[in-house]
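A look at the structure
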Amino acid sequence: MNKKPQLVPFQDYSTEEGRLNVVEVSKEIGFVVNRVYWLHKINASKSRGAHAHKELWQCFIAMAGSFTITLKTEKESYTFKLDQKSGALIVPPGYWRDLTQFSEDAVCAVLASHEYNESDYLRNYEDFMKWRSQKSDITKVPYLDFKRSYEELGNLLVIAGQKILSSGHYIMGPEVEKFEKNFADYCEIKHCLSVSNGLEAIELVLKAWGIGPGDEVIVAANSFVATALAVSNVGAKPVLVDNNESTFNLDPSLIEKAITKNTKAIALTHLYGQMADMYPIVEVAKAHKLKILEDAAQAHGAKYNGLNCGALGDAATFSFYPTKNLGAYGDGGAIITNDSSLAETISYLRNYGAKKKYHHDMLGTNSRLDEIQAAFLNLKLPLLDKWNQKRKELAQIYFSTLEDLPGIVLPQIPHGSEPVWHVFAIRVLDGKREPLMKHLDNSGVGYNIHYPVPIHEQLCYVDLNYKANDFPVAHSQSKELLSLPLDAYHSEEEIKFAAQKVRSFFN
Ligand SMILES: *Cc1c(COP(=O)(O)O)cnc(C)c1O
């Protein structure tokens, strides 16, 4: 959304019978209108306004007569004269306004984004200037701020949601169908089946392959617990393999040793937005006739030697949890595959195993994506590449600011890999992670740890009888890795600020 004041011309449908002017709320006003009020019979010698808003968006329209609005910040000043030909004036939050020169017949309509809220007002110019300077100087950088996607898409999301609410079609309707087609096209894979979440996406693939009790599936020791949990949930045993020290992904050279006669598949994770080293993994899988499932929940849009997730494996699974590179406003997930018979089986399994309504040929489950989430995802998918590109540019700021620091190791990007930076994790050496975290707390910089307890040390997996140093890399990374803020909605200034704070700790 353009955050400068803006005059939107009226669309004019005037005829001999009279004038008709229109401003589209969705495209031209941009924010969600929750309140309408108007000023009239204004004493022409008086001015109005003399305040600013912290969050409120407004649209001013001169319904009759004319008046002048001056908008100010510490750097900018705009003057607009509004009348029936001038168009509508969109005013973002954070501008001091004075309304003057009202004609006697002036009627000023205001469309506002929120209900009346006294604490949103700044009524003293000095307070306003103080508030502005705090706003424009970066003093803190959140790890993530979900509101920002609503600020960008606001009205478009509301309109997409409204369309579903009023359609009467809430499950397995046209938006789901459209998303599955669009996402399959985006991934350049034949089939996409949407499901309820990323965990069930993995489970459904394993189930469709007939993997269950007595079977083993190889899983990276450093991943979100979901990858291993999906294996356990179908009754099979997750067999862990350590990850590579510099890419954080499953180490292909360790797979062979973990294979037994019961091994059926490799469920690898493309961790933090970077794809695992697929060619050697495919080689081992071929030699031992193992299926490959790619857990791509953190890697929407990532590439490996020009290939997408799902191109080399037998299937890839995604999550659309709100934090992911492509996130819904609730839960969601998907499976992509070039295997038509696998796709068909999953299409039944996710919907009670029914090939035909009320005819259940297999023991299925309920794992469907809601129409409303599909509608949001259809809106967001065309923006994914732009957001991933922004993440790449922000990651570059960390690389250029931090590359010479001796106390940390930055993530390594092997030749041919194009990560999408779901997470920007650095290794903090010599036990300095805790003090660095304290420093970031004091500096207003958010962070996260992915993951503080590796899978083999989780209480839920004591029965696997692993020892902490069975997977030395995963173990040491649980002590060393620190995820810095990096999201498509961070500004370059914020990431520079965060990177400088990391630097200042070591200097
Ligand atoms: C988020 C995530 C999942 C699980 O996705 P949900 O939609 O939360 O079930 C699975 N694997 C990995 C690697 C993830 O990051």
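Residues numbered from 1 in each chain as written. Predicted model: local features only at pLDDT ≥ 70, side-chain atom pairs only at ≥ 80, totals over all residues. Heavy atoms only, no water.

1. Some points on the overall build of the protein chain
Secondary structure assignment for the protein chain yields 14 helices and 27 strands. Viewed in the frame of its principal axes, the protein chain has a C-alpha envelope of about 90 × 65 × 35 Å. A burial count over the protein chain gives 51% of its 507 residues as buried. In the protein chain, once contacts between residues fewer than 6 apart in sequence are set aside, the share between residues at least 24 apart is 72%. Accessible area of the protein chain: about 23600 Å², with a carbon and sulfur share of 52%. (Helix = DSSP H or I, 4+ residues; strand = E, 2+ residues; numbered from the N terminus. Buried < 20%, exposed > 50% of the residue type's maximum accessible area, 1.4 Å probe, protein only. Contact = heavy atoms within 4.5 Å. Areas by Shrake-Rupley, 256 points an atom, 1.4 Å probe, with all protein chains shown as cover.)

2. Some remarks on the pattern of salt bridges
Per the counting criterion, the structure on display carries 17 salt bridges. One salt bridge connects Arg148 with Glu494, and the closest N-O pair in it is separated by 2.8 Å. Of this pair, Arg148 sits in helix H3 (residues 147–167) while Glu494 sits in helix H14 (residues 492–506), placing them 346 residues apart in sequence. In terms of burial, Arg148 and Glu494 fall into one category: buried. Lys392 is paired through a salt bridge with Glu418; the nearest N and O atoms lie 4.0 Å apart. Placement of Lys392 in helix H11 (residues 384–402) and of Glu418 in strand S25 (residues 417–418) is noted, with a sequence separation of 26 residues between them. Via salt bridges that share partners, Asp145, Lys147, Arg148 and Glu494 belong to a single interconnected network. (Salt bridge = Lys/Arg side-chain N within 4 Å of Asp/Glu carboxyl O.)

3. Considering the layout of surface pockets
Within this model, the largest pocket holds a volume of roughly 2000 Å³. As for the largest pocket, its lining consists of 47 residues, and the residues nearest its centre are Lys3, Lys135, Asp145, Arg148 and Glu151. The greatest single-element share of the lining of the largest pocket, amounting to seven residues, is contributed by H3. Looking at the lining of the largest pocket residue by residue, the class counts come to 14 nonpolar, 13 polar and 20 charged. Lining the second largest pocket are 28 residues, and of these Phe224, Tyr321, Thr323, Lys324 and His422 lie nearest its centre. For the lining of the second largest pocket, the elements supplying multiple residues, two or more each, are helix H5 (198–208) and helix H6 (226–233). Residue contributions to the lining of the second largest pocket peak at three residues, all from H5. Looking at the lining of the second largest pocket residue by residue, the classes come out as twelve nonpolar, eleven polar and five charged. (1 Å grid on protein atoms, 1.4 Å probe; cavity = no way out; pocket = protein on both sides within 12 Å on 5 of 7 lines; lining within 4 Å. Points joined across faces, edges and corners; volume = space filled by probe spheres on them. Nonpolar A, V, L, I, M, F, W, Y, C, P; charged D, E, K, R; others polar.)

4. As for empty space enclosed by the protein
Applying the stated rule across the entire model yields one cavity of 30 Å³ or more. A volume near 80 Å³ is recorded for the largest cavity. Lining of the largest cavity is provided by Thr247, Phe248, Leu271, Tyr272, Gln274, Pro411, Gln412, Trp421, Val423, Phe424 and Ala425.

5. Focus: a nonpolar patch on the surface
Together, Leu165, Tyr170, Ile171 and Met172 make up a nonpolar patch on the protein surface, roughly 370 Å² of accessible area in all. Here Met172 lies in the loop between H3 and helix H4 (174–187). (Patch = residues over 30% accessible without salt bridge, like charges linked within 9 Å, V, L, I, M, F, W, Y side chains within 5 Å.)

6. Quick notes on the site of the ligand
Taken together, 13 residues surround the ligand, and among them Gly198, Asp295, Gln298, Ser319 and Lys324 come closest. The side chain of Asp295 places a nitrogen or oxygen atom 2.7 Å from a nitrogen atom of the ligand. The separation between an oxygen atom of the ligand and a polar side-chain atom of Lys324 is 2.7 Å. Coverage of the ligand by the protein amounts to 91% of the 380 Å² it exposes when considered alone. The pocket occupied by the ligand, as judged from atoms lying within 2 Å of grid points, is the second largest pocket. Looking at the shell around the ligand residue by residue, the classes come out as four nonpolar, seven polar and two charged. (Near = heavy atom within 4 Å. Polar contact = N/O pair within 3.5 Å; in protein donor to acceptor, adjacent residues only side chain to side chain. Sits in = over half its atoms within 2 Å of the grid points.)

7. Some words on the packing of H3 against helix H10 (residues 371–380)
Between H3 and H10, the least distance of the axes is 9 Å, while the angle of their chain directions is 135°. One way to sum up the angle between H3 and H10 is to call them oblique. In terms of crossing hand, the pair formed by H3 and H10 is right-handed. Every residue of H10 that contacts H3 at Ser149, Leu153, Leu156, Leu157, Ala160, Gly161, Ile164 and Leu165 is listed here: Glu371, Ile372, Ala375, Phe376, Leu379 and Lys380. Residue composition of the contact of H3 with H10, by class: ten nonpolar, two polar and two charged. (Axes fitted to C-alpha atoms, helices over the stretch in contact; angles between N-to-C directions. Parallel < 35°, antiparallel > 145°, perpendicular 65-115°, else oblique. Left-handed = near helix turned anticlockwise from the far one by under 90°.)

8. Some thoughts on the side chain of Thr337
Within the fold, Thr337 resides in strand S21 (residues 333–337). Thr337 gets classed as buried once you look at its relative accessible area, which sits at 0%. Within the local environment of Thr337, its side chain forms a polar contact with the backbone nitrogen of Asp339, the two atoms lying 2.9 Å apart. When near neighbours in sequence (up to four residues on either side) are disregarded, Thr337 contacts Ile189, Lys190, His191, Asp314, Ala315, Leu342 and Ala343.

9. Comments concerning helix H2 (residues 125–136)
Between its first and last C-alpha atoms H2 spans 16 Å; for twelve residues at 1.5 Å apiece the expected length is 16 Å, and the two agree. Taken together, the buried positions of H2 are Phe128, Trp131 and Arg132. Down the axis of H2, the smallest arc covering the buried residues is 105°, so these residues share one side. In H2, the exposed positions that point more than 90 degrees away from the buried face belong to Glu126, Lys130 and Gln134. Residues of H2 that are buried in the fold lie against strand S5 (48–53), strand S7 (67–72), strand S10 (96–100) and strand S12 (121–122). (Expected span 1.5 Å × (residues − 1). Arc of directions from axis to C-beta.)

10. Some thoughts on the pairing of S21
Most of S21 sits out of view: five of its five residues are buried. Residues of S21 alternate between two faces, with Gly333, Ile335 and Thr337 on one and Ala334 and Ile336 on the opposite face, all of them buried. As paired strands, strand S13 (residues 191–195) and S21 are joined by five bridges and run antiparallel to one another. The residue bridging Cys192 from the neighbouring strand is Ile336, located in S21. (Pairing = 2+ DSSP bridges.)

11. Section: the nonpolar core
In this structure, Phe179, Phe183, Phe318 and Phe320 are the most contacted members of the largest nonpolar core, which totals 44 residues. Not counting chain neighbours up to four residues away, the residues in contact with Phe183 comprise Cys192, His300, Phe318, Phe320, Leu326, Ile336 and Leu381. Of all hydrophobic cores here, the second largest spans 32 residues; its members include Ile211, Ala265, Ile346 and Phe471. (Core = buried A, V, L, I, M, F, W, Y, C linked by side-chain atoms within 4.5 Å.)

12. Notes on the packing of helix H12 (residues 433–443) against H14
Axis separation between H12 and H14 bottoms out at 10 Å; the angle between their running directions is 130°. When the axis of H12 is compared with that of H14, the two are oblique. Relative to H14, H12 is oriented so that their crossing is right-handed. Of the residues in H14, those in contact with Pro435, Leu436, His439, Leu440 and Ser443 of H12 are Phe497, Lys501, Val502, Ser504, Phe505 and Phe506. Looking at the contact of H12 with H14 residue by residue, the classes come out as seven nonpolar, three polar and one charged.

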